[in-house]
Amino acid sequence: MPRLMFSHSDLGRVRFAILPFQETLKAARGLGLPKPPPGLASWRHVSRAALPAVARPVVTLCSAHTWHLPDFLTPQPSADLMSFEDELHAALDDPSAPVQRDTAAFTGVLKTVPVVVDTLLHHPDRGRRTLRQAFTAFHQAVLAPDWPRLHAQLAADVAYRARLMAQHGLDAMLATLCPPHVRWEYPHLTVTGPGAPDFALGGRGLVLVPSMFLTDGVHRQLNDRQQPMLFYPARTAGAYWRDGGGRGWPDGRLAGAIGERKASVLRALADRPGCGTTDLATALGVTPATASTHVANLRRAGLVATTRVARTARHDLTPLGLHLLDAHIG
């Protein structure tokens, strides 16, 4: 499996980013692959019905290969928090971006070159204009309605891993990043994916980017122009899609979560981050079934994130849940 090679200086340059445009790429990939990534089948059915024709080039491009995209579509993130428009501008409006060179390299891994890729290769300005329109339409139709809930899950993932790193060190965070797709043993971070030579980070560190749509592995963005990036499945992605991905849920506003019983759950989870359902039930003085029901309601409102470790469900507050606790419950 490919390995990322760390130096001591790389260890101090590991950071996280939440990138809505990159999440749009992953969503378009999940929508277009012949076989849906784990958990996304129902979401695909609903999203395909909502997809406007103008957005289809994005789906074709992002699913043309299971693991590769032209590098210019994944620019260096300038900040940990970027808007969709910020990223879209960086990817498609930079006149110095090597669109033709990156697209030519991309065609080298394709069995069939779709029209949108051929246009990028031979008419890059026209291709970028087409993609800008298509990405905007795709994001508005498919991702924007659910983005607050998706962002809450991504932020919960980053918060969890930052807390893990603060409490137990970078080694512990990397060692538990995304098994079985990622394995850490200094100086190598071994990842699943297409075969490739070892890649030295060269003192540039690594940007770690969680995704709710990348449920079948990890993606690497490695070139000589920017800080290396690794996209990995958010730890709550499986539970989120099993719960329906927010489709048909209440609107998730804070008013739906205020009440003493729910406040007690939020307080208990704030005191016991990562606790299991049985431990939570004991703390609340209720049955595990009742505790599970309370957590499910809060999870649907975007206030709690749940992941499974072996047979045990572990619960954490999302940043939205922490904000509610601080601002409205105390």
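Bear in mind the structure is a predicted one, so any value in this text is a computation, not a measurement. (Residues numbered from 1 in each chain as written. Predicted model: local features only at pLDDT ≥ 70, side-chain atom pairs only at ≥ 80, totals over all residues. Heavy atoms only, no water.)

Where do I start with empty space enclosed by the protein in this structure?
Empty pockets left among the atoms are what a rolling probe the size of a water molecule brings to light. Tallying each qualifying case throughout the model produces two cavities of 30 Å³ or more. Space inside the largest cavity adds up to approximately 40 Å³. Around the largest cavity, the lining residues are Ile 18, Leu 19, Gln 22, Glu 23, Lys 26, Trp 147, Leu 154, Val 209, Pro 210, Ser 211 and Phe 231. Counting only elements with at least two residues in the lining of the largest cavity, the list comes to helix H2 (20-32), helix H9 (147-168) and strand S6 (206-211). Considered class by class, the residues forming the lining of the largest cavity number seven nonpolar, two polar and two charged. There is about 30 Å³ of room inside the second largest cavity. Gln 22, Pro 75, Gln 76, Pro 77, Met 82, Glu 87 and Ala 90 are the residues that line the second largest cavity. Taken together, the residues of the lining of the second largest cavity sort by class into four nonpolar, two polar and one charged. (1 Å grid on protein atoms, 1.4 Å probe; cavity = no way out; pocket = protein on both sides within 12 Å on 5 of 7 lines; lining within 4 Å. Points joined across faces, edges and corners; volume = space filled by probe spheres on them. Helix = DSSP H or I, 4+ residues; strand = E, 2+ residues; numbered from the N terminus. Nonpolar A, V, L, I, M, F, W, Y, C, P; charged D, E, K, R; others polar.)

Would you mind going over the packing of helix H7 (residues 115-122) against helix H8 (residues 124-143) with me for this structure?
Angle between the axes and distance between the axes are the two parameters that describe a pair of packed helices. It is the contact of H7 with H8, at a shortest axis distance of 5 Å, that shows an interaxial angle of 135°. One finds that H7 runs oblique with respect to H8. Here Val 116, Thr 119, Leu 120, Leu 121 and His 122 of H7 come into contact with H8, specifically with Pro 124, Arg 126, Gly 127, Arg 128 and Leu 131. In terms of residue class, the contact of H7 with H8 is built from five nonpolar, three polar and two charged. (Axes fitted to C-alpha atoms, helices over the stretch in contact; angles between N-to-C directions. Parallel < 35°, antiparallel > 145°, perpendicular 65-115°, else oblique. Contact = heavy atoms within 4.5 Å.)

Before we go on, may I ask you to explain the pattern of salt bridges in this structure?
Side-chain pairing between opposite charges can occur once the charged atoms of the two side chains come close. The full count for this structure, using the stated rule, is 10 salt bridges. Asp 146 serves as the salt-bridge partner of Arg 149, at 3.6 Å between the closest nitrogen and oxygen. For the pair Arg 149 and Asp 146, a shared accessibility class is recorded, and that class is buried. Among the salt bridges present, the one from Arg 235 reaches Asp 316, with a minimum N-O distance of 3.1 Å. Residue Arg 235 is located in the loop between strand S8 (229-233) and helix H11 (237-242), and its partner Asp 316 is located in strand S11 (residues 312-317); the two are separated by 81 residues in the primary sequence. The network of salt bridges with shared partners includes Glu 85, Asp 93 and Arg 132. (Salt bridge = Lys/Arg side-chain N within 4 Å of Asp/Glu carboxyl O. Buried < 20%, exposed > 50% of the residue type's maximum accessible area, 1.4 Å probe, protein only.)

What's the story with the sheet that holds strand S9 (residues 275-276) in this structure? I'm lost.
Within a sheet, neighbouring strands are paired by backbone hydrogen bonds and run either parallel or antiparallel to one another. In space, the three strands of this open sheet follow the order S9-S11-S10, with antiparallel pairing throughout. Across the chains shown, the open sheet's two edge strands, defined by having one partner strand only, are S9 and strand S10 (304-309). In the sheet, S9 pairs with S11 via two bridges, with the strands oriented antiparallel. In the sheet register, Cys 275 faces S11, and the bridge partner there is His 315. (Pairing = 2+ DSSP bridges.)

Before we go on, may I ask you to explain the side chain of Arg 161 in this structure?
Considering the arrangement of structural elements, one finds Arg 161 in helix H9. On the basis of relative accessibility, which here comes to 3%, the residue Arg 161 falls in the buried class. Contacts of Arg 161, omitting those with residues within four sequence positions, involve Phe 16, Met 173, Thr 176, Leu 177, Tyr 232, Pro 233 and Arg 235.

Whenever I open this one, the packing of aromatic side chains confuses me. Can you help?
For any pair of aromatic rings, the description consists of the separation of the ring centres together with the inter-plane angle of the planes. Under the definition given, this model contains eight aromatic pairs. Between the aromatic rings of Trp 43 and Phe 213, the centroid separation amounts to 4.9 Å while the plane-to-plane angle is 55°, which identifies the pairing as tilted. Remark: Phe 213 occurs in the loop between S6 and strand S7 (219-221) and Trp 43 occurs in helix H3 (residues 41-50); sequence separation between them is 170 residues. Phe 213 carries the same exposure label as Trp 43, and that label is buried. Here the aromatic rings of Tyr 240 and Trp 241 are separated by 4.9 Å at their centres, their planes lie at 85°, and the arrangement is edge-to-face. You'll find Tyr 240 and Trp 241 in the same group, each marked buried. Through pairs of rings, three or more aromatic residues link up here, namely Trp 43, Phe 213, Tyr 240 and Trp 241. Note that Lys 26 overlies the ring of Phe 231, its terminal NZ or CZ placed 3.9 Å from the centroid. Positioned above the aromatic ring of Tyr 160 is the side chain of Arg 235, whose terminal nitrogen or guanidinium carbon lies 3.5 Å from the ring centre. (Phe/Tyr/Trp six-rings, centres within 6.5 Å; stacked < 30°, edge-to-face > 60°. Lys NZ or Arg CZ within 6 Å of the ring centre and 35° of its normal.)

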